[in-house]
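Residue strings, one per chain:
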Amino acid sequence: MQHLLRKACGHDAEQAQRQTLAIHESGSAVVGTYDRKTAEEVTFRLTRSGLHATFGRAR
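Along each chain, the written sequence defines residue order, and numbers are assigned to residues from 1. The model is predicted, so local features are restricted to residues of pLDDT at least 70 and side-chain atom pairs to those at 80 or more, both for listing and for counting; the totals for chains, interfaces and linings are taken over all residues. The basis for the side-chain values is all heavy atoms of the structure; hydrogens and waters are excluded.

Some words on the pattern of salt bridges
A pair is scored as a salt bridge if a Lys or Arg side-chain nitrogen falls within 4 Å of a carboxyl oxygen belonging to Asp or Glu. Under the counting rule described, the total for this entry stands at four salt bridges. A salt bridge links E14 to R18, with the shortest nitrogen-to-oxygen separation between them at 2.9 Å. Residue E14 and its partner R18 are located together in helix 2 (residues 13–26), separated by four residues, close to a single helical turn. Any residue under 20% of the maximum accessible area for its type is buried, any over 50% is exposed, and the rest in between are partly exposed; the area is computed with a 1.4 Å probe on protein chains only. By relative accessible area, E14 is classed as exposed at 55%. Here a helix means four or more residues in a row that DSSP labels H or I, a strand means two or more in a row labelled E, and each is numbered from the N terminus.

This is the structure we're talking about:
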């Protein structure tokens, strides 16, 4: 999971580790805030890797 977050989302090792823990504990996490095009690309990469991923507007 950490490798995927680093590769698909551009996280550094520490950030990927925190996100992996958050996903493990709650079942989901916001992995980043991106412009629409980048959000679509990240969502595609995560989905293609077998994860459930969506994107939406930041609150």
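Brief notes about the side chain of H11
By the element assignment, H11 lies in the loop between helix 1 (2–9) and helix 2. Owing to a relative accessible area of 7%, H11 belongs among the buried residues under this scheme. Polar contacts, as counted here, are pairs of nitrogen or oxygen atoms within 3.5 Å of one another; within protein the pair requires one atom able to donate a hydrogen and one able to accept it, and residues that are adjacent in sequence qualify only if both atoms are side-chain atoms. Within the local environment of H11, its side chain forms a polar contact with the side chain of Q15, the two groups lying 3.3 Å apart. Discounting residues that sit within four places of it in the chain, H11 has contacts with L5, R6, A16, Q19, V31 and Y34. Throughout, a contact is declared for two residues whenever any of their heavy atoms are within 4.5 Å.

A look at the environment of G32
Relative to the helices and strands, G32 resides in the loop between helix 2 and helix 3 (36–48). Residue G32 is classed as partly exposed on the basis of its relative accessible area of 33%. The spatial distance from the C-alpha of G32 to the C-alpha of Q19 is 9.8 Å, given a sequence separation of 13 residues.

Re helix 3
Helices are assigned an expected span. That span is 1.5 Å times one less than the residue count. Between its first and last C-alpha, helix 3 extends 18 Å over 13 residues, near the 18 Å set by a 1.5 Å rise per residue. Buried residues of helix 3: A39, V42, T43 and L46, and no others. One side of helix 3 carries all its buried residues, which in axial view fall inside an arc of 100°. Turned more than 90 degrees off the buried face of helix 3, the exposed positions are K37 and R48. In this structure, the buried side of helix 3 is in contact with helix 1. For helix 3, the N-terminal cap is D35; the gap from its side-chain oxygen to the backbone nitrogen of K37 is 3.2 Å. In the stretch just after helix 3, G50 is the one whose phi turns positive, near 100°. Each direction from the helix axis to a C-beta atom contributes to the arc, which is the arc of those directions.

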